[in-house]
Amino acid sequence: MKDAPIARISLGLIGIGLVLAVTNSLVNSVALSNKIYFIATVQLAIALLFAVRLNKPDRAVWPVLLLIVLCSSVAQIFDGTFTAQPSLQAIPESLFLVVQLLLASGLLFIVSRRLGSDPLSVLVDGLIVALGAWFFIWKVLLQPTIGTQSITPLISVIQGSTLGISAIVLFTLATLLFGDSTRSASVWLVTGAISLTLFGDFLYAANDAGRIDITSTYSSTAYIFGLFLASAAFIHPSISLLTERGPILTQRPLMGRLIVTTAALILPVVVLALTNPVDSVDRVVQTISIFVLTAAVTSRIIHSVRANAATQHQLIESAQTDALTGLPNRSLMLALVNNSLITAMTEGRKPTVLFIDVDRFKNINDSLGHQAGDAVLIAVAQRLRNALPHRCAVARISGDEFVVLDPDTQDSSDAMQLANRVLESFYEPLNLRQGDVFVSASIGVSSFDPSITSTADDLLRHADTAMYRAKDAGRNCVAVFDESMLERVTQRLAIETALYRALERRELRLVHQPIVDIDMGDVVGFEALMRWQRDDGTMLSPAEFIPIAEETGTIVPLGAWALLEALTHLRGWITQGICRSDATMSVNVSPRQLHDPNFVAVVNEALLRAHVPPEQLWLEVTESVMIAQPEQALDALNALCALGVRIAIDDFGTGYSSLSLLQKFPIQRLKIDKSFVNGVAQDESARSLVRTIIAMGDSLGLDMVAEGIESVEQLQILAEMKCAKAQGFLISHPVPPESMGSTIASLNSFGAWNKLRGKKS
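The model shown is predicted, which means the values in this text are computed figures rather than measured ones. (Residues numbered from 1 in each chain as written. Predicted model: local features only at pLDDT ≥ 70, side-chain atom pairs only at ≥ 80, totals over all residues. Heavy atoms only, no water.)

## Brief notes about the pattern of salt bridges
Put simply, the test is: The term salt bridge refers to a side-chain nitrogen of Lys or Arg lying within 4 Å of a carboxyl oxygen of Asp or Glu. For helices the rule is a DSSP run of H or I covering at least 4 residues; for strands it is a run of E covering at least 2, with both sets numbered from the N terminus onward. In this scheme, a residue with accessible area under 20% of its type's maximum is buried, one over 50% is exposed, and one in between is partly exposed, where area comes from a 1.4 Å probe on protein chains only.
On inspection of all chains with the given rule, the structure shows 17 salt bridges. The salt bridge partner of Arg396 is Asp322, with a shortest N-O separation of 2.9 Å. Of this pair, Arg396 sits in strand S2 (residues 393-398) while Asp322 sits in the loop between helix H10 (280-320) and helix H11 (330-347), and the two are 74 residues apart along the sequence. Judged by relative accessible area, which is 14%, Arg396 ranks as buried. Asp408 is the partner of Arg349 in a salt bridge, and the nearest nitrogen-oxygen pair spans 2.4 Å. Of this pair, Arg349 sits in the loop between H11 and strand S1 (352-358) while Asp408 sits in the loop between strand S3 (401-406) and helix H14 (412-424); the two residues are 59 residues apart in sequence, bridging distant segments of the chain. Overlapping salt bridges bring together Glu527, Glu620, Lys671 and Glu707 as one network.

Structure follows, in structure tokens:
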């Protein structure tokens, strides 16, 4: 059977029980009440046997449940049968006592399995509820029946014990509900069934004590509905998990728990205020009960105070330490550095901060997984602890970045010794579960200098700046902070900030350098070069701002603007007859642009808007594009070639210069770097190298362009080597678009070109 139909059966049993309970109360017939009670008891036995076979509850529980049903049924049958023989009435009362004992023991077993993460507070709160209930039971139900003539002393003891154990049952119910385990449907149904049974017991006892005057049918009503709730609980599929702890509640029932425990505390106070001890026995029971209740409340308060203090300490510790390594975090390290600066001013010391970054940590995460990365960070933290003196504080402030504080350094020599000690600690491999891993670190050093350091944040920031200088120097080294670094960082930040507004302020512009056919002297193309003239009049070269644009991502909109602007200039020159109709435009493309998923669409849109055929656009990329994320670069280049755009390798020879890359990627042009061209006039090895590059390009069917031509001799040698095209200062400096007409006119003059080539007209 499926869980849903079974759950509906449980719901049906609840409905039947409610109807029979209401009928029992309305009819108010003892004979009918006994029959309905018998029916409820029988259906409970059937439901229990059915549940044992279907839901397979804990084997330690269901025999107890069967025994409870059996004893309850027999007790109900014999209850009232021996009214004429009071001595035999002890039999059903004893069976009711056994039921209560079995119920208490079963609930204690369930509670022991389901206690949550704070069992002491749950048990004490349950004890408070039980003691409050016990005080009520004693004063209202038990004490009035002591010494009465209506029942024998034996029956009085048995009934008193039954009611007393009811307090234990309440204790187990309270702990069951106060715990932090998720309460399933069966838990709520069992709780309801037991609560109704206890309510029936209280009505029965209150009637016997003369506190109320009702017929037994009303007590039976509570019993009947409770029996059907018990059947619904046993039938429900969640009964199989009754003795398991289950998931932890995300929100604990603190308000309900507070209300119940407060009520349990108020009840004895109200009873004491309204009544006086009847005799010495009553006085002793009250005294003992109040003493135990006071002790429970006191222990609960002490536990709460200690738990609150422990929680606060844990919160403070978690707020100041790194969860992975256990080291101090950034906030705590700043506090430690600040304290060291305060004492340094009075004691003449120069506290030193080391900013340590694990080199290429991302590669470890990508290749071995984040679990291995965490293991590396833990091992690095331990390595730093072992390598440094005890006076040093080590912190992990983020990711793979660690900070070391030595409050006792005296000069720069002490600081460098400390940094070298850290650097040497990385020479040995880290032993991980995945195997040995070698890591290195870039270290920035900053010592306290009152002239440039005023706060702890300044000292950390300076060490961070020095660390990036160590990264730029090739990693696995140490860099010491000086004021010039701060100036460069400030300047870089100013450039980065201004770069975001450069386009909208129209501060960027393009200049173009002609590319000529060496044999004919014709201008066959142009290379677009970006310039930035800031609003203060300063001119920045691409070398100053393009790397920043690539790092920040602003190269994407800047590149899109440059592409459209360059093609628009080309279309204008062709329309005006300034250049040939098949002249080409070369535009540099950064790796960041090429890895932009929208770049191909940007190129296509620029071609359409400028009305330039795709074959007249050359996109120049460096060899590094084909090394980093080669598959993504290959997809983008193939898509561009499918448009008809042609691809050139810029600065060829300065990078990897791999023949396999030339074969794999759709390349149609090689541009020989200026560093090789510079030496062709004087250096035979340089000439041999350039000759080899040209021969290789010719054999692959690639167009060849020499960059950086600055002398006639260089141009003559490249012509002898059969290099097809050239560009450089000898031919023309980069010129603004409006000057391109006069520049081309002078270059297209046959005599001018022969003069450049070193020939007579």
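Resuming the write-up.
## Here's the deal with the confidence of the model for the protein
For clarity, the threshold we go by: Per-residue confidence from the predictor is given as pLDDT, running between 0 and 100.
Across the protein, the average pLDDT comes to 81, with 88% of residues at or above 70. When pLDDT is averaged over each element of the protein, strand S11 (residues 584-588) comes out on top at 95 and helix H27 (residues 750-757) at the bottom at 58.

## Focus on the nonpolar core
Which entries qualify depends on this criterion: To define a nonpolar core, start from buried Ala, Val, Leu, Ile, Met, Phe, Trp, Tyr and Cys residues and group those joined through side-chain atoms within 4.5 Å. We call two residues contacting when some pair of their heavy atoms lies within 4.5 Å.
One finds Phe526, Leu594 and Leu619 to be the most contacted residues of the largest nonpolar core, which totals 82 residues. The element best represented in this core is helix H18 (residues 555-576), accounting for 10 residues. Contacts of Leu594, omitting those with residues within four sequence positions, involve Val589, Phe599, Val621, Val625, Ala633, Ala636, Leu637 and Leu640. The next biggest cluster of nonpolar side chains, apart from the first, holds 48 residues, and it includes Leu65, Val111, Val190 and Leu229.

## A word on helix H13 (residues 370-387)
Rules: To estimate the expected span of a helix, subtract one from its residue number and multiply by 1.5 Å.
Over its 18 residues, H13 extends 25 Å from the first C-alpha to the last, a length consistent with the 26 Å expected when each residue adds 1.5 Å. Those residues of H13 that sit buried are Ala372, Gly373, Val376, Leu377, Val380, Ala381, Arg383, Leu384 and Ala387. Where H13 is buried, its residues touch S1, helix H12 (361-368), S2, S3, H14 and strand S4 (430-432).

## Describing a negative patch on the surface
For the record, the criterion: Residues enter patches when they are more than 30% accessible in relative terms and free of salt bridges; like-charged ones are connected within 9 Å and nonpolar ones (Val, Leu, Ile, Met, Phe, Trp, Tyr) within 5 Å. Computed with the Shrake-Rupley method and a 1.4 Å probe, the accessible areas treat only the protein chains shown as cover for residues. Counting rule for charge: Lys and Arg are taken as positive, Asp and Glu as negative, and neither His nor the chain ends is counted. Every charge is mapped onto a representative atom, which is NZ of Lys, CZ of Arg, CG of Asp or CD of Glu.
On the surface, Asp449, Asp482, Glu483 and Glu487 cluster together into a patch of negative charge. Examined against the element boundaries, Asp482 turns out to sit in the loop between strand S7 (478-480) and helix H16 (483-502). Owing to a relative accessible area of 33%, Asp482 belongs among the partly exposed residues under this scheme.

## A short note on the pairing of strand S15 (residues 703-706)
Applied cut-off: Pairing between two strands requires that DSSP report at least two bridges joining them. Looking down the strands as they point away from the viewer, one classifies a crossover as right-handed if the path from the first strand across the helix to the second runs clockwise.
Side chains Asp703 and Val705 of S15 all project onto a buried face; the interleaved residues Met704 and Ala706 project onto the opposite face, where all are buried too. Relative to S15, strand S14 (residues 669-672) is paired through four bridges, and the arrangement is parallel. Across the sheet, the residue bridging to Lys671 is Val705, located in S15. Inspection of the sheet shows S15 paired to strand S16 (residues 725-726) by two bridges, in the parallel sense. In the strand pairing of S16, Ala706 is matched with Ala726. Considered for its hand, the β-α-β crossover made up of S15, helix H25 (residues 712-720) and S16 is right-handed.

## Notes on unusual backbone geometry
Phi angles above zero are rare outside glycine, and Arg360 is one such case at about 50 degrees. Given the relative accessible area of 48%, Arg360 is considered partly exposed. Even without being glycine, Lys722 reaches a positive phi, approximately 65 degrees. Inspection of the secondary structure puts Lys722 in the loop between H25 and S16.

## Quick word on the environment of Ser181
Residue position: Ser181 is located in the loop between helix H6 (153-178) and helix H7 (185-208). According to the relative accessible area criterion, Ser181 is buried, its value standing at 3%. Taking C-alpha positions, Ser181 is 9.1 Å from Glu244, a pair spaced 63 residues apart along the chain.

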